[in-house]
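# A look at the structure
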Amino acid sequence: MPKRVYIETFGCQMNEVDSARMLTLLESVEYTAAGSVAEADLVLVNTCSIRDKADQKIYSELGRLRRWKSERSGRIVAVGGCLAQQEGKALAKKAPYVDIVFGTHNIARLPELVRRAEEAVASVEVDFSEDTSHWDVLPYLPEGASSAMVTIMQGCENYCAYCIVPYVRGKEISRPAGEIISEVRKLAERGVAEVILLGQNVNSYGKKEGEIPFPELVRRISRVPGIARLRFITSHPRDLEPETVGLFSEIEMLCPHIHLPVQSGSDRILASMGRGYTRKGYLEKIDALGKARPGIAFSSDFIVGFPGETDDDFMETISLMEEVRYDSSFSFRFSPRPGTLASTMPGTVPPDAAGERLRRLQLLQDRHTRERLEDCVGAEMEVLVEGASLRDAGMLCGRTACHKMVNFSPDANRSGSFRRVLIRTAGAHSISGEEGAPIG
Ligand code: SAH
Ligand code: SF4
Ligand code: F3S
């Protein structure tokens, strides 16, 4: 009987790509992907710990898995990722039915830990080994995938006052450029047209290691035959240099979208968060990006209710949002994380006030998102197809270069990853249309 693994991934793209690596690694111990938890022999939960809510979600999922495990003997539960890293033995204690707890630096050991679990030996492996051997493992790529993420660095040393990432992902380490480029080549050979470069702060790529600078890495990747779209995530506004901004005019295949998380529009709060830029400095970068690539789309992250945030501070955030008119953004209520500087800061914002601020900010974003999507109606846009649309049978979905989700009815006589779509309508989060003239 072939053995089956089901991986549940929480959190950010770092976890998504790690999960894909785990799937490849588990092939070496004869596991293939299961379609659901019910079909699986091994369930692996790749966890996130960015906010308290994320922790709670995972513990309730583990509760469900306890029942799943008890329904048949030999079933294995493994927990990896950031919460596993943070909790380590404590997680094993709280959830003793978990067979494997492994941290963010122990991914390469997964096959061995699974072998042990098959013999009913439990493991907790959360050492910060600075092991990067998992980089050699090509993340599992579904058949026909048009887009893939490529890790260019791991860890973070920025220690923004609210953030747990440096504690759970460890030191910043950049991957050698040669390895990155060879992974991109392999992906291109498998038909991948879009590559997304991943790091917590891509703008500091290679600085410590004396590797080629980030802009040069982007240039080299843009020359890999077969790659037609390039993106990178995430840029720290403090470290976004003029040369990187210039890439948007220099390299056409660099998609006209940048995620530039601002967190707050108030200088006082930005300083207290330790972000290292001011509102004015941030807006100057937005302006420079708009000049480098007219029409570039912006997205961002916001935190409301950071300790000490007053109504006036919050109004500064609102006015910054008005000024930029982001295409999309994620906003969160501040959540104190263990061990971070902000978790001990005075000036807790009452939950009601923080909730009300979050609601206002999100309503404003919804309006801007809708307006930005409406601006697309009537245009013909090039779409990279991701697969069948979840909305309607017979429709396809994909993304524009500026990262908008598009649902469209395809021309039955055409095929290929890139399609030109005439946009007819705009919704709250996506646009729709029909296939127009062929590309080329
Ligand atoms: N490396 C990225 C962000 C990683 S975390 C960067 O520097 O921008 C993703 C987002 O989660 C952050 O941008 C922030 O908005 C949010 N976040 C992080 N810690 C948080 C906390 N303690 N409470 C609320 N939101 C948080
Ligand atoms: Fe967290 Fe700041 Fe690092 Fe981003 S740059 S991961 S917000 S510490
Ligand atoms: Fe990502 Fe969550 Fe870890 S956002 S880095 S999976 S804490």
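### Things to note about the site of ligand 3
Taken together, Gly11, Cys12, Asn15, Cys48, Ser49, Ile50, Cys82, Arg169 and Gln200 make up the full set of residues near ligand 3. Of the residues belonging to the shell around ligand 3, the class tally is 4 nonpolar, 4 polar and 1 charged.

### Topic: the domain arrangement of the protein chain
Domain boundaries in the protein chain define domain 1 (3-125) and domain 2 (380-438). Using C-alpha coordinates to define each centre, domain 1 is positioned 36 Å away from domain 2.

### As for the site of ligand 2
Around ligand 2, the surrounding shell consists of Cys156, Asn158, Tyr159, Cys160, Tyr162, Cys163, Val165, Pro166, Gln200, His236 and Arg275. Looking at the shell around ligand 2 residue by residue, the class counts come to 7 nonpolar, 3 polar and 1 charged.

### Quick word on the sheet that holds strand S1 (residues 3-9)
With parallel pairing, 6 strands are arranged side by side in an open sheet as S2-S1-S3-S4-S5-S6. Strands with a single pairing partner mark the edges of an open sheet, and in this sheet they are strand S2 (31-33) and strand S6 (123-125). With direction set aside, neighbouring strand axes in the sheet form an average angle of 20°. Pairing geometry for strand S5 (residues 100-102) and S6, over 3 bridges, is parallel. Across the sheet, Phe102 pairs through a bridge with Glu125, a residue of S6.

### Digging into empty space enclosed by the protein
Throughout the structure, instances matching the rule amount to 1 cavity of 30 Å³ or more. The computed volume of the largest cavity comes to approximately 130 Å³. Mapped onto the lining of the largest cavity, the elements with two or more residues apiece are helix H1 (13-27) and strand S8 (153-154). Ranked by the residues each element gives to the lining of the largest cavity, the list is headed by H1, at 4 residues. Looking at the lining of the largest cavity residue by residue, the classes come out as 5 nonpolar, 7 polar and 3 charged.

### Focus: the packing of aromatic side chains
In the structure shown here, the tally under the stated rule is 7 aromatic pairs. Centre to centre, the rings of Phe306 and Phe334 are 5.4 Å apart; their planes meet at 70°, and the pair counts as edge-to-face. Here the residue Phe306 occupies a position in the loop between strand S13 (297-304) and helix H12 (311-324), and Phe334 occupies one in the loop between strand S14 (328-333) and helix H13 (351-374), the gap between them amounting to 28 residues. In this structure Phe306 comes out as buried when scored by relative accessible area, which is 0%. Taking relative accessible area as the criterion, Phe334 reaches 15% and is therefore assigned buried. Chaining the aromatic ring pairs together yields one cluster made of Tyr162, Phe306 and Phe334. The positively charged end of Arg51 is found above the aromatic ring belonging to Phe332, 3.6 Å away from the centroid.

### Observations concerning the packing of helix H7 (residues 177-189) against helix H8 (residues 214-222)
Running from amino to carboxyl end, H7 crosses H8 at an angle of 30°, the nearest separation of the two axes being 10 Å. Put simply, H7 runs roughly parallel to H8. Where H7 crosses over H8, the two elements pack in a sense that is right-handed. Here H7 contributes Ala177, Ile180, Ile181 and Val184 to the contact with H8, which in turn contributes Leu217, Arg220 and Ile221.

### A word on the pairing of strand S15 (residues 380-388)
When S15 meets strand S18 (residues 418-426), the two strands line up antiparallel, connected through 5 bridges. Across the sheet, the residue bridging to Val383 is Arg419, located in S18.

### Focus on the pattern of salt bridges
Taken as a whole and judged by the stated rule, the model has 44 salt bridges. Ionic pairing is found between Asp239 and Arg238, a salt bridge with its closest N-O pair at 2.8 Å. A residue is classified by how much of its surface remains accessible, and Asp239, at 16% relative accessible area, is buried. Looking at Arg238, the relative accessible area reads 30%, which means it is partly exposed. The partner of Glu435 in a salt bridge is Arg419, and the shortest N-O contact between them spans 2.8 Å. Of this pair, Glu435 sits in strand S19 (residues 430-435) while Arg419 is found in strand S18, placing the two residues 16 residues apart along the sequence. Classification of Glu435 by relative accessible area gives buried; the value is 12%. With a relative accessible area of 7%, Arg419 lands in the buried category.

Definitions and cut-offs
In this numbering scheme, every chain counts its residues from 1 along its sequence in written order. Naming scheme: in the order in which they are written, chains are lettered from A and ligands are numbered from 1. Local features in this predicted model are restricted to residues of pLDDT 70 or higher, and side-chain atom pairs are both shown and tallied only at a pLDDT of 80 or more, whereas totals for entire chains, interfaces and linings draw on every residue. Neither water nor hydrogens contribute to the side-chain values; these are computed over all heavy atoms in the structure. Definition of nearness: a residue and a molecule or strand are near each other if at least one heavy atom of the residue lies within 4 Å of the molecule or strand. Nonpolar residues are Ala, Val, Leu, Ile, Met, Phe, Trp, Tyr, Cys and Pro. Charged residues are Asp, Glu, Lys and Arg, and all others, Gly as well, are polar. Here the bounds of each domain stem from an automatic or database domain assignment. If DSSP finds at least two bridges between two strands, the strands pair. A run of DSSP states H or I qualifies as a helix once it reaches four residues; a run of E qualifies as a strand once it reaches two. Both are numbered from the N-terminal end. A fitted line through C-alpha atoms represents every axis, and for helices the fit uses only the stretch in contact; the resulting angles, taken between N-to-C directions, go from 0 to 180 degrees. Only protein atoms enter the 1 Å grid used here. Points where a 1.4 Å probe fits but cannot escape make up a cavity, open sets with protein on both sides within 12 Å along at least five of seven lines make up a pocket, and a residue lines them when an atom lies within 4 Å of a point. Grid points are joined across faces, edges and corners, and a volume is the space filled by probe spheres set on the points. Within 6.5 Å between ring centres, the rings of Phe, Tyr and Trp (the latter by its six-membered ring) count as paired, and their orientation is classed by plane angle as stacked under 30 degrees, edge-to-face over 60, tilted in between. Burial here depends on accessible area, computed with a 1.4 Å probe over protein chains only, as a share of the maximum for the residue type. Under 20% is buried, over 50% is exposed, and the range in between is partly exposed. Whether a charge sits over a ring comes down to the Lys NZ or Arg CZ being within 6 Å of the ring centre and within 35 degrees of the ring normal. Small angles under 35 degrees read as roughly parallel and large ones over 145 as roughly antiparallel, with 65 to 115 read as roughly perpendicular and the rest as oblique. The handedness criterion is simple: a crossing whose near helix is rotated anticlockwise from the far helix by less than a right angle is left-handed, and one whose near helix is rotated clockwise is right-handed. Any two residues whose heavy atoms approach within 4.5 Å are treated as being in contact. Put simply, a salt bridge is a Lys or Arg side-chain nitrogen that is within 4 Å of an Asp or Glu carboxyl oxygen.

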